[in-house]
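Residues per chain are reported as follows:
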Amino acid sequence: MGASLYEPINVYKPIAPDIGIVDGPCEYLTVAGVRLPLPFTTRMTVVRLTNGDLFLHSPIKFDEALGNELQRPIRHLVSPNQFHYAHIGEWSKVYPDAITWASPRVRQRARARHVDVTFMRDLDVNPPEEWRRDIDQTLFPGGYFKEFIFFHKASKTLILTDTIINIELDKMPEPWRTATKLTGMYHPRGQMFFGMRLPLFLQRRKAKAVLAKIHSWQPERVLLSHGRCFESHSDEVIKRIFGEPPIESKASKLSPPR
Ligand SMILES: [Fe+2]
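*Asks:* I'd love a proper account of the nonpolar core, names of residues and values included.
*Replies:* Among the nonpolar cores identified, the biggest contains 27 residues, and Phe140, Leu158, Ile214 and Phe242 are the most heavily contacted of them. Counting only elements with at least two residues in this core, the list comes to strand 9 (147–152), strand 11 (164–165), helix 5 (194–202), helix 6 (204–217) and helix 7 (234–242). Top element by residues in this core is helix 6. It accounts for five residues. With near-sequence residues (within four places) excluded, Phe140 lies in contact with Lys146, Glu147, Ile149, Thr163, Met192, Met196, Leu200, Val210, Leu211, Ile214 and Phe242. In terms of nonpolar packing, the next biggest core, distinct from the first, is built from 20 residues, Leu54, Leu70, Ile74 and Ile88 among them.

*Asks:* Any chance you could break down the pairing of strand 2 (residues 19–31) for me, citing the residues and the numbers?
*Replies:* The pairing of strand 1 (residues 12–16) with strand 2 spans four bridges and is classified as antiparallel. Counterpart to Pro14 in the pairing with strand 2 is Gly20. The turn linking strand 1 back onto strand 2 is made up of two residues, and Asp18 within it adopts a positive phi angle of 70 degrees. In terms of strand pairing, strand 2 meets strand 3 (residues 34–48) through 10 bridges, oriented antiparallel. By the bridge assignment, Val22 is partnered in strand 3 with Met44.

*Asks:* Run through helix 5, naming residues and quoting values.
*Replies:* Every buried residue belonging to helix 5 is among Gly195, Met196, Pro199 and Leu200, and all of these are buried. Down the axis of helix 5, the buried set is contained in an arc of 120 degrees. They therefore lie on one face. Facing away from the buried side of helix 5 by over 90 degrees, the exposed positions are Leu198 and Leu202. Residues of helix 5 that are buried make contact with strand 8 (135–140), strand 9, strand 12 (191–192) and helix 6.

*Asks:* Mind laying out a nonpolar patch on the surface, listing which residues take part and the relevant values?
*Replies:* Together, Leu29, Val31, Val34 and Leu36 make up a nonpolar patch on the protein surface, roughly 290 Å² of accessible area in all. For the nonpolar patch, the elements supplying multiple residues, two or more each, are strand 2 and strand 3. Note on placement: Leu29 falls in strand 2. Given the relative accessible area of 34%, Leu29 is considered partly exposed.

*Asks:* Go over the packing of helix 6 against helix 7, please, and point to the residues and values.
*Replies:* In the contact formed by helix 6 and helix 7, the axes pass within 11 Å of each other and the chain directions differ by 170 degrees. As far as their axial angle goes, helix 7 and helix 6 are roughly antiparallel. Residue-level contacts link Leu211, Ile214 and His215 of helix 6 to Ile238, Lys239 and Phe242 of helix 7. For the contact of helix 6 with helix 7, the per-class residue count stands at four nonpolar, one polar and one charged.

*Asks:* Go over the pattern of salt bridges, please, and point to the residues and values.
*Replies:* Scanning all chains against the criterion turns up nine salt bridges. For Arg228, the salt bridge goes to Glu168, with nearest N and O atoms at 3.1 Å. With Arg228 in the loop between strand 13 (221–223) and helix 7 and Glu168 in the loop between strand 11 and helix 4 (176–183), this pair connects stretches of sequence that are 60 residues apart. For Arg228, a relative accessible area of 38% puts it in the partly exposed group.

Parameters and conventions
Residues numbered from 1 in each chain as written. Predicted model: local features only at pLDDT ≥ 70, side-chain atom pairs only at ≥ 80, totals over all residues. Heavy atoms only, no water. Core = buried A, V, L, I, M, F, W, Y, C linked by side-chain atoms within 4.5 Å. Buried < 20%, exposed > 50% of the residue type's maximum accessible area, 1.4 Å probe, protein only. Helix = DSSP H or I, 4+ residues; strand = E, 2+ residues; numbered from the N terminus. Contact = heavy atoms within 4.5 Å. Pairing = 2+ DSSP bridges. Arc of directions from axis to C-beta. Patch = residues over 30% accessible without salt bridge, like charges linked within 9 Å, V, L, I, M, F, W, Y side chains within 5 Å. Areas by Shrake-Rupley, 256 points an atom, 1.4 Å probe, with all protein chains shown as cover. Salt bridge = Lys/Arg side-chain N within 4 Å of Asp/Glu carboxyl O. Axes fitted to C-alpha atoms, helices over the stretch in contact; angles between N-to-C directions. Parallel < 35°, antiparallel > 145°, perpendicular 65-115°, else oblique. Nonpolar A, V, L, I, M, F, W, Y, C, P; charged D, E, K, R; others polar.

What follows is the structure, encoded as structure tokens:
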């Protein structure tokens with residue numbers, strides 16, 4: 001039995017002007033080529049840039065009706081981490097003018113799993129010219145699980161993939177419900193993905209700069225790939241999960257504009 005989906009799936013759900021989500025079908029965790037019976041729900045975020053181009057974050061399984069529903073041009077197909085890339089090739093075949101953006105190690109992972117996808121560009125700690133005006137980004141230091149996180153400026157939306165997991169337990173079948181409960185990464189007090197916590201601790205200096213950046217964005221909502229998104233009180237969520245803002249970022253908030 002799979003997890004309960006965020007119905008309706010494959011339909012664009014607006015969140016704020018120029019940004020929305022599309023919930024996708026269930027997928028299963030694959031480890032060393034073996035598909036485990038652990039189901040999880042999928043979600044992509046869609047941003048319309050000021051120039052009209054569409055930015056698809058972590059594209060879900062391609063669906064023709066969904067492709068027709070989305071406006072054009074579909075320009076950016078973004079893999080935020082090495083675990084979220086599997087459907088980029090499907091979208092890229094239908095929209096060959098779209099640019100495919102690679103996360104660290106994703107090419108090796110796709111090759112090892114014989115997933116047909118060609119990445120054209122690499123994400124960087126700074127946003128590229130193509131979406132700099134609308135979206136800021138940084139690399140969240142989670143070691144093997146590191147991922148690029150994004151911030152849509154106009155809607156003040158933080159776009160995460162696996163950095164925070166907030167599973168709704170009643171959507172999970174047993175024994176996964178109990179297993180999820182043991183991890184603590186469940187709604188309403190979702191947590192940082194446990195695999196990232198030690199690498200974050202070991203890279204304290206990098207982490208401090210990234211967390212200061214997240215606080216400085218002052219997000220009003222947090223979109224996640226797995227589980228329920230945080231659509232309000234996101235300042236409390238961010239403080240609870242990432243800690244209080246570092247002193248410098250508090251000070252810079254208080255200092256008068258120059
Ligand atoms: Fe994920």
